[in-house]
Amino acid sequence: MNMNSDLFSELKVRQKRILESLGNDVLILPAGAPPSGVGLFLQADDFHYLTGFPEEGAVAVFDPTQESENVVLFVKEKNQQEEVWQGFTIGVRKAGERFPADKVYNVQLLELKLKERLKGRTVYYKSVQNQRQNAVIDKLLDQEGIETTDVGGPFDELLEMRVIKSAYELEQMRRAIDITGEAHHACMRAGKSARFEYQLEAEFEYACKTRGVRHFAFGSIVAAGAHATCQHYVENNGPIGKDELVLIDAGAKWNNYCADLTRTFPTSGKFTPVQRDLYEIVLASEKAGVEAVAPGIRLMDLHIISARVLADGLKSLGILHGSTDGIIESNAYRDFWPGALCHSLGLYVHDVMPPLFRGLDAERKLEPGMVITVEPGFYSQDFNYQISEEFKHIGIRIEDDVLVTEDGHENLSIATVKEVADVEAMVQSGAEK
Ligand SMILES: [Mn+2]
């Protein structure tokens, strides 16, 4: 597979920014660790972002002081024995042809080559657990008495770069999101006939994999009935009742980029009055959050906008009481929605963000090119003793993926149904039990 030429030139630009951020320093970036046990290897995000190289066992070295070798890739050489048992490798020659690097060496030369370069330098380096080249690097750094740092410099630059998505990145994310939406629709259509949560998990994965997906953004959450009150439920082994809500929070990856969408639907194809009332409240809260996404707003401002709509709705059902300001200030709504409205989305599902975007008093404002999720919810467990029984043991979450644009936002998952009538029609269009 040859690298997309847009990506190739984009990688060169990214590498240049990293080199500029280094001054006279060096960055050693190891590839991701192989999966423990069974599993498909997925490249570490930063390594992928700066090299595009998909194999484990590799190391990239960024060194602005080496004229003709600013960016060097160390990769596994082709080895017939390994290829008989452990899979195929790209090898040094082809890596040099296909991936942007000034020079590609056999990774066995790592120690020799690095030794010449690191003496007396400031080295940026983050060790990766279970990555076998790390042992070589660690030993060398130790022998030469070289101190390393894993914060600041190129690592700060990486955060700034990764949080703003390029046209190429958005193309990958759109594909991941479109496929994920189609898979959510497939699950809704299978809702009436599925008897166990894992059947819908299989439906989701089947819809994704038959569309070319090889990796998922995270383990799918398929939660029927009261299971949906646990925000990160992953067992997916419970039965699905006839009149229950099913919450599915799942996402495909496309060329390493994530989608992260949640939909909640009634397995009967018709919301009960209570389910519908609660669903409409979460939906109104979600839409208010999405509508408010724009450059110049802070994540916490968005959270409060959604929280106020949620609080007003729960007041109308007698679940919360008092003034909306009071409910927000006292965090009373957090009994039913303990989560955060947004997170960044990209190569990782809870993608990196520079520090000033994170936390309650985060000062930084959204900027065009950021992609965030918007995902309010309502979760009522037994400890919510103050509410009437009919509202208990219900979990509802609706989550879209939203791009911040110059003049506002674009909801990237707009095609995935969420209006009551559309969700009901989608479920009803599936086969019976
Ligand atoms: Mn999410």
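What counts as what
- Residues numbered from 1 in each chain as written.
- Predicted model: local features only at pLDDT ≥ 70, side-chain atom pairs only at ≥ 80, totals over all residues.
- Heavy atoms only, no water.
- Donors = N, O, S within 2.8 Å, 3.2 Å for Na, K, Ca; no water.
- Helix = DSSP H or I, 4+ residues; strand = E, 2+ residues; numbered from the N terminus.
- Buried < 20%, exposed > 50% of the residue type's maximum accessible area, 1.4 Å probe, protein only.
- Domains from an automatic or database assignment.
- Contact = heavy atoms within 4.5 Å.
- Buried area = accessible area lost by both parts, 1.4 Å probe.
- Salt bridge = Lys/Arg side-chain N within 4 Å of Asp/Glu carboxyl O.
- Polar contact = N/O pair within 3.5 Å; in protein donor to acceptor, adjacent residues only side chain to side chain.
- Phe/Tyr/Trp six-rings, centres within 6.5 Å; stacked < 30°, edge-to-face > 60°.
- Lys NZ or Arg CZ within 6 Å of the ring centre and 35° of its normal.
- Pairing = 2+ DSSP bridges.
- Axes fitted to C-alpha atoms, helices over the stretch in contact; angles between N-to-C directions.
- Arc of directions from axis to C-beta.

The subject of this paragraph is the coordination of the manganese ion. At this site the manganese ion is bound by Asp260 (OD), His343 (NE2), Glu375 (OE) and Glu399 (OE), with donor distances of 2.0 to 2.3 Å. Each donor residue of the manganese ion lies on one chain, and together they are spaced D-x82-H-x31-E-x23-E. Of the two residues, His343 sits in the loop between helix H12 (324-329) and strand S12 (371-374) while Glu399 sits in the loop between strand S14 (395-397) and strand S15 (400-405), which places them 56 residues apart along the sequence. A relative accessible area of 12% means that His343 is categorised as buried.

Time to look at unusual backbone geometry. Of note, Asn255 is a non-glycine position whose phi angle comes to about 45°, a positive value. Structurally, the position occupied by Asn255 is in the loop between strand S9 (253-254) and strand S10 (257-258). The backbone of Asn256 shows a phi angle near 80°, a positive value even though the residue is not glycine. Take Asn256: it is sitting in the loop between S9 and S10. A relative accessible area of 15% places Asn256 in the buried class.

Each domain of the protein was delimited in the assignment, giving domain 1 (5-161) and domain 2 (164-428). Computed over C-alpha atoms, the centres of domain 1 and domain 2 are 36 Å apart. Domain 1 puts 13 residues into the contact, and the matching count from domain 2 is 17 residues. Here domain 1 and domain 2 share an interface that buries about 1400 Å² over both sides, 56% of which is from carbon and sulfur atoms. At the boundary of domain 1 with domain 2, the tally comes to one salt bridge. Between Glu160 and Arg364 there is a salt bridge whose closest N-O contact spans 2.8 Å. Taken together, the connections running from domain 1 to domain 2 amount to four residue pairs in polar contact (both at pLDDT 80 or more). Of all the secondary-structure elements, those providing two or more residues to the side of domain 1 that touches domain 2 are helix H1 (5-22), helix H2 (45-51) and helix H7 (154-163).

Okay, the packing of aromatic side chains next. A complete count under the given rule lists eight aromatic pairs for this structure. Judged by centre distance (5.1 Å) and plane angle (80°), the ring pair of Phe53 and Phe99 falls under edge-to-face. In this pair, Phe53 sits in the loop between H2 and strand S2 (59-62) while Phe99 sits in the loop between helix H4 (91-98) and strand S4 (103-106), placing the two residues 46 residues apart along the sequence. Its relative accessible area of 7% is what places Phe99 among the buried residues. The ring of Phe155 has Lys126 lying over it, and the distance from NZ or CZ to the ring centre is 4.4 Å. The aromatic ring of Trp254 is capped on one face by Arg175, whose charged end is 5.0 Å from the ring centroid.

Bringing the sheet that holds strand S7 (residues 221-224) into the picture now. Within the open sheet, the three strands sit side by side as S7-S8-S11. Their pairing is antiparallel. Of all strands in the sheet, those with a lone pairing partner are S7 and strand S11 (261-266), marking the two edges. Mean inter-strand twist for the sheet, computed between neighbouring axes without regard to direction, equals 10°. Here six bridges tie strand S8 (residues 245-250) to S11, and the two strands are oriented antiparallel to one another. Each bridged residue has a counterpart across the sheet, and for Leu245 the counterpart in S11 is Pro266.

Of all the positions in helix H5 (residues 110-118), only Leu110, Lys113, Leu114, Arg117 and Leu118 are classed as buried. Burial along H5 is one-sided: seen end-on, the buried residues are contained in an arc of 115°. Facing away from the buried surface of H5 by more than 90 degrees, the exposed residues are Leu112 and Glu116. The inward-facing, buried residues of H5 abut strand S1 (26-30), S2, strand S3 (71-75), S4, strand S5 (123-125) and helix H6 (132-143). Just beyond H5, the residue with positive phi is Gly120, at close to 70°.

Before going further, it helps to examine the sheet that holds S4. With mixed pairing, the six strands of this open sheet are ordered in space as S4-S3-S2-S1-S5-S6. Both outer strands of the open sheet, S4 and strand S6 (148-149), are each paired with one neighbouring strand and no more. Pairing of S1 with S5, which is carried by three bridges, proceeds in the parallel orientation. Its bridge partner being in S5, Ile28 is matched across the sheet by Tyr125. Relative to S5, H6 is tilted by about 150°, and along the sheet it contacts S1, S2, S5 and S6.

In this section: the pairing of S11. For a regular strand, the rule is simple: side chains alternate between the two faces of the sheet. With six of its six residues buried, S11 lies for the most part within the structure. Burial along S11 is two-sided: Leu261, Arg263 and Phe265 and Thr262, Thr264 and Pro266, pointing in opposite directions, are all buried.

On to the side chain of Thr262. Structurally, Thr262 is set in strand S11. The exposure class of Thr262 is buried, given its relative accessible area of 0%. Polar side-chain contacts of Thr262 include one of 3.2 Å to the side chain of Asp249. Here the side chain of Thr262 touches Glu399 through a polar contact of 2.7 Å, side chain to side chain.

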